[in-house]
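Summary of structural features
Given next are the chains, with one letter for each unit.
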Amino acid sequence: MTPCLFSISYAGFWGQSVLQMADFIPHAATLGYESVMIAGKRPHLSPLDAAEQIEPLKAALSAAKIRCDVIGAYTNLAQPSGIGCEVPQIEFQIAYVESLARIAAQLGTKIIRIFGAYEIDGQDPQTQWNRCVSAIREMCDRAAAHGVTIAIQNHHDVGLHTEALLEMLADIDRPNCKLGFDAWSPALRGEKLYEAAKLAAPHTVITTNADYIKVPRHRYRPELVNYERQEVDWVRAVPFGTGFIDYEAFFNGFKDGGFDGIATFEMCSPLRGGGSMANLDACAATYLNWMKARHLIA
């Protein structure tokens, strides 16, 4: 597999230290990564700023002897049916992904990661499903002109379960539509990771990895002089290999299913140990060491 570091880890959205793109690329190479995934939004690679960024980015990648294999698009293919329904949300996002595909072609990047849609209460599932399928088909057709593959990450509600995601992939029916399949979501929802990964592996071009613990939540009930267990746990990011996700089973399923694509590490939520550069770098190094120890990367 190809080890890759996601720039979102150093974007500052969760209070962590920030690296601009010119600094992130050589930093990733220094940490031992041979590839980067760049966030397709500010402060990193927004289409609004790309005209000024492309040549410096190409120069930085060349100087660091590292590739940008993936651009991460941020999409939610939901269309409000009440207030705001007149805004062409889906068209905006198709144009956004097409813009990223043009950028990708200039950088030698072959994959754009997208998300599906969060469900909207009151809209029937079939309508939301059809909207996702139609939008992703058009994204794929427009990206194909630039030699780019669209990878759907199993993150948003519509088509979330592995079997549902494969059903959606079949409905989209585009050769340049693949999966960005992660362990985080199926682990939280109780899917069997080995089976899920093996099923998804033939269709997967990228996996994005992070580890978490579940923190139980309770609320005090003074009338009972007791605590009430809250149904949903708080989930907190921790160094790779120290959380509840069974990555041994996940990667065994991937290997048995034939996956040999891009394995990306990300820090995309508040992290145990804080957001200092030292902690971010230590966690990025821990991921590489974990993967090397299991002969998943060279």
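To start, this report covers the structure provided alongside it. Quantities reported herein were computed from a predicted structural model and do not represent experimental measurements. (Residues numbered from 1 in each chain as written. Predicted model: local features only at pLDDT ≥ 70, side-chain atom pairs only at ≥ 80, totals over all residues. Heavy atoms only, no water.)

**What to know about the overall build of the protein chain**
Applicable threshold: Helix numbering and strand numbering both begin at the N terminus, where a helix is a DSSP run of H or I of at least 4 residues and a strand a DSSP run of E of at least 2. Radius of gyration means the value over C-alpha atoms here, while the globule rule gives 2.2 Å times the residue count to the 0.38 power. Burial here depends on accessible area, computed with a 1.4 Å probe over protein chains only, as a share of the maximum for the residue type. Under 20% is buried, over 50% is exposed, and the range in between is partly exposed. It only takes one pair of heavy atoms within 4.5 Å for two residues to be counted as in contact. Accessible surface is estimated by sampling points in the Shrake-Rupley manner with a 1.4 Å probe; for residues, cover comes only from the protein chains shown. The charge count includes Lys and Arg as positive and Asp and Glu as negative, but it does not include His or the ends of the chains. Throughout, a charge is located at the NZ atom of Lys, the CZ atom of Arg, the CG atom of Asp or the CD atom of Glu.
The secondary structure content of the protein chain amounts to 9 helices and 12 strands. A compact globule built from 298 residues would reach a C-alpha radius of gyration of about 19 Å, and the protein chain, at 20 Å, matches this within 12%. Residues counted as buried form 49% of the 298 residues belonging to the protein chain. By sequence separation, contacts in the protein chain at least 24 residues apart represent 76% of the contacts at least 6 residues apart. Carbon and sulfur atoms form 52% of the exposed surface of the protein chain, whose accessible area is close to 13500 Å². One way to put it: in the protein chain the 26 positive side-chain charges average out to a point 4 Å from where the 33 negative ones average out.

**Focus on the layout of surface pockets**
Here is the rule we go by: We place a 1 Å grid over just the protein atoms. Points where a 1.4 Å probe fits but has no way out form a cavity, open points with protein on both sides within 12 Å along at least 5 of 7 lines form a pocket, and any residue with an atom within 4 Å of a point lines it. Grid points are joined across faces, edges and corners, and a volume is the space filled by probe spheres set on the points. The classification used treats Ala, Val, Leu, Ile, Met, Phe, Trp, Tyr, Cys and Pro as nonpolar, Asp, Glu, Lys and Arg as charged, and all other residues, Gly among them, as polar.
Computed from the structure, the largest pocket encloses a volume of approximately 280 Å³. Lining the largest pocket are 19 residues, and of these Phe115, Gln153, His155, Glu266 and Cys268 sit closest to its centre. Here the residues of the lining of the largest pocket are counted per class, giving 10 nonpolar, 5 polar and 4 charged.

**Describing the packing of helix α2 (residues 50-64) against helix α3 (residues 89-107)**
Where we set the bar: Axis definition: a line fitted to C-alpha atoms, limited for helices to the stretch in contact. Angles are taken between N-to-C directions and run from 0 to 180 degrees. Here the angle decides the label: under 35 degrees means roughly parallel, over 145 means roughly antiparallel, 65 to 115 means roughly perpendicular, and every other value means oblique. Each helix crossing is assigned a hand: it is left-handed if the near helix lies turned anticlockwise from the far helix by less than a right angle, otherwise right-handed if that turn is clockwise.
With their axes 10 Å apart at the nearest point, α2 and α3 run at an angle of 30° to one another. On the basis of their axis angle, the class for α2 and α3 is roughly parallel. Two packed elements cross with a definite hand, and for α2 against α3 that hand is right-handed. Only Ile103, Gln106 and Leu107 of α3 make contact with α2, whose side of the interface consists of Ala50, Ile54, Leu57, Lys58 and Leu61. Residue composition of the contact of α2 with α3, by class: 6 nonpolar, 1 polar and 1 charged.

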